[in-house]
Amino acid sequence: MFRKKITSVLMASALVAGVLAGCGGEKAGTEGSKDSGGGGDTIKIGANLELSGAVASYGQGIAEGIDLAVEEINNSGGVDGKKIEIIKVDNKSDAAEATNAAIKLTNQDKVTAIIGAATSGNSVAQAQIANDNKTILLSPSGTSPNVTVGTNGKVNEFVFRTSFIDPFQGTVAANFAAGDLNIKNAAIYADNASDYAKGLAASFKETFEAAGGKIVSEESYVAKDTDFRSILTRIKSANPEFIFIPGYYEEVGLIIKQAREMGITVPFMGADGWDSPILVDLAGAEALNNTFLTNHYSAQDPDETIQKFVTSFSKKYSGKSPDAFNALGYDSVYFLVDAMKRAGDTSDATKIKDALAETKDLSLVTGVVTVDEFHNPIKSATVLEHKDGKQVFKSKVNP
């Protein structure tokens, strides 16, 4: 997911020196290691995550999933007899901090791979560092295409993702609106500074219009806005049957709350950026009725692999039901470990990235993964509905 545009470039060695001196991290998974990367008694993996700041809910969820997977793998003997050590660094939901954290993890901690970030912008901020240092970067939930493909159109050699990409979930949302809900006209209300939102909006519009639908209103908001009533008044006057909001839970919760207060009763739909328990706190359970989202998985899916994960997660986290970010964090570890095993090496990032690129039909919690030529997983998406503050599984859509 793309939280903000990257507005600065990496500058000089002074930045590296400052980061190495001042960017702290949290270790989890082992008591310590005798070597760097994966060449000693442990395998060092970095976690560059949004543990605080605007989208902390995403990063914290991914971290919980990572910790469960590492615990399971280490308790089962590790990888080739080596235990995994996770080194967590908080990027504070900020692209510059994500860059700093990546420099620390590669240059100081000497990790073999970095899992993170949750958002596309914070993942893109690390891509050049990963490529230059030949360190695997695996974004659990960065859905913008430019995470794995640079502005020059070339694939980032050492960068991968665990999630599907925005054009796919935008298409799923449009087909659901046009097909399942029989919507003929719709409005789009998107964050005007977010590539995540703009990519989803473009994909939704193209697919919806191709299905015979009409976009009657296109409006935008600015991240951190809190009063959306004037724009919602314009949208309401256009008489849409459906409103698509590709955005993040912080703004979406307030938009839906205010829309319902204004008497806008039509269905709303969004994407994985809605997936946070804070959304319910902001919007209210009743306001969220008749709203839908595309997501990476559902804890209610009866699939055996999913239910095994749900049981294990709930046991570790005092009955908590895992959301998609928990599942993507968990899957990211197993995705990486599977590649290490097939590569026959836990420390050679070149062999590991080659194995990641060759992944085919790998069964994970969030789907069966085959990696395409752009380092994107080809996998299923899930449609969920909010009912009385709970996410309810509607359907699974294959690519």
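Residues numbered from 1 in each chain as written. Predicted model: local features only at pLDDT ≥ 70, side-chain atom pairs only at ≥ 80, totals over all residues. Heavy atoms only, no water.

- Where an unreviewed UniProt entry is consulted, the protein chain appears under the name ABC transporter substrate-binding protein, with the organism given as Cytobacillus praedii.

1. Looking at the overall build of the protein chain
Turning to step 1, where the next piece is worked out: When its secondary structure is counted, the protein chain shows 12 helices and 16 strands.
Turning to step 2, where the next piece is worked out: For the protein chain, long-range pairs separated by at least 24 residues make up 70% of all intrachain contacts whose partners lie at least 6 apart in sequence.
Turning to step 3, where the next piece is worked out: In the form shown here, the protein chain has an accessible surface area of approximately 15300 Å², with 48% of it arising from carbon and sulfur atoms.
Turning to step 4, where the next piece is worked out: If you average the places of the 39 positive and of the 50 negative side-chain charges in the protein chain, the two averages end up 1 Å apart. (Helix = DSSP H or I, 4+ residues; strand = E, 2+ residues; numbered from the N terminus. Contact = heavy atoms within 4.5 Å. Areas by Shrake-Rupley, 256 points an atom, 1.4 Å probe, with all protein chains shown as cover. Lys, Arg positive; Asp, Glu negative; His and termini not counted. Charge placed at Lys NZ, Arg CZ, Asp CG, Glu CD.)

2. Details of the domain arrangement of the protein chain
Turning to step 1, where the next piece is worked out: According to the domain assignment, the protein chain contains domain 1 (6–164 + 306–379) and domain 2 (167–295).
Turning to step 2, where the next piece is worked out: Placing a centre on the C-alpha atoms of domain 1 and another on those of domain 2 gives a separation of 30 Å.
Turning to step 3, where the next piece is worked out: With 14 residues of domain 1 in contact, the opposing surface of domain 2 contributes 16 residues.
Turning to step 4, where the next piece is worked out: With both sides pooled, the region where domain 1 packs onto domain 2 buries about 1200 Å², and carbon together with sulfur makes up 55% of that total.
Turning to step 5, where the next piece is worked out: Across the domain 1-domain 2 interface, the total number found is zero salt bridges.
Turning to step 6, where the next piece is worked out: Put simply, domain 1 and domain 2 have four residue pairs in polar contact (both at pLDDT 80 or more) between them.
Turning to step 7, where the next piece is worked out: For the side of domain 1 that touches domain 2, the elements supplying multiple residues, two or more each, are helix H2 (56–75) and helix H11 (324–343).
Turning to step 8, where the next piece is worked out: Of the residues forming the side of domain 1 that touches domain 2, the biggest block, three residues, is contributed by H2.
Turning to step 9, where the next piece is worked out: Of the residues contributing to the side of domain 1 that touches domain 2, the split by class is eight nonpolar, four polar and two charged. (Domains from an automatic or database assignment. Buried area = accessible area lost by both parts, 1.4 Å probe. Salt bridge = Lys/Arg side-chain N within 4 Å of Asp/Glu carboxyl O. Polar contact = N/O pair within 3.5 Å; in protein donor to acceptor, adjacent residues only side chain to side chain. Nonpolar A, V, L, I, M, F, W, Y, C, P; charged D, E, K, R; others polar.)

3. Comments concerning the nonpolar core
Turning to step 1, where the next piece is worked out: Ranked by internal contacts, the top residues of the largest apolar core, which has 100 residues, are Tyr189 and Phe204.
Turning to step 2, where the next piece is worked out: Considering each element in turn, this core owes the most residues, 10 residues, to H11.
Turning to step 3, where the next piece is worked out: Both domains that meet at this core, namely domain 1 (6–164 + 306–379) and domain 2 (167–295), each give it at least three residues.
Turning to step 4, where the next piece is worked out: Each residue touching tyrosine 189, except ones within four places of it in the same chain, is listed here: Glu219, Ser220, Tyr221, Phe228, Ile231, Leu232, Ile235, Ile243, Phe244, Ile245, Pro246 and Ile255.
Turning to step 5, where the next piece is worked out: Formed by 14 residues, the second largest nonpolar core is a distinct cluster that contains Ile87, Val111, Ala130 and Val159. (Core = buried A, V, L, I, M, F, W, Y, C linked by side-chain atoms within 4.5 Å. Buried < 20%, exposed > 50% of the residue type's maximum accessible area, 1.4 Å probe, protein only.)

4. Thoughts on H2
Three- or four-residue spacings in an α-helix give side chains the same orientation, since the helix completes a turn every 3.6 residues.
Turning to step 1, where the next piece is worked out: When the terminal C-alpha atoms of H2 are compared, their 28 Å separation across 20 residues agrees well with the 28 Å that a helix rising 1.5 Å per residue should span.
Turning to step 2, where the next piece is worked out: Two residues or fewer past H2, glycine 77 is found with a positive phi of approximately 105 degrees. (Expected span 1.5 Å × (residues − 1).)

5. Re the packing of aromatic side chains
Turning to step 1, where the next piece is worked out: Applying the stated criterion across every chain yields a total of 17 aromatic pairs.
Turning to step 2, where the next piece is worked out: For the pair tyrosine 58 and phenylalanine 325, a centre-to-centre distance of 4.4 Å together with 25 degrees between the ring planes defines the contact as stacked. Taken as a pair, tyrosine 58 in helix H2 and phenylalanine 325 in helix H11 lie far apart in primary sequence, 267 residues in all.
Turning to step 3, where the next piece is worked out: One aromatic cluster is present, built from ring pairs that chain together Tyr297, Phe309, Phe313, Tyr317, Tyr330 and Tyr334.
Turning to step 4, where the next piece is worked out: For lysine 316, the ring lying beneath its charged end belongs to tyrosine 317, and the centroid distance is 5.5 Å.
Turning to step 5, where the next piece is worked out: Stacked on the ring of phenylalanine 158, the Lys or Arg lysine 353 has its end atom at 5.6 Å from the ring centre. (Phe/Tyr/Trp six-rings, centres within 6.5 Å; stacked < 30°, edge-to-face > 60°. Lys NZ or Arg CZ within 6 Å of the ring centre and 35° of its normal.)

6. Concerning the sheet that holds strand E16 (residues 390–397)
Turning to step 1, where the next piece is worked out: Ordered by their spatial adjacency, seven strands build an open sheet running E8-E7-E9-E10-E11-E15-E16, and the pairing between neighbours is mixed. Each edge of the open sheet is held by one strand with a lone partner, namely strand E8 (214–221) and E16.
Turning to step 2, where the next piece is worked out: Where strand E7 (residues 185–191) and E8 come together, seven bridges link them in parallel fashion. Bridging from a neighbouring strand, asparagine 185 pairs with lysine 214 of E8. (Pairing = 2+ DSSP bridges.)

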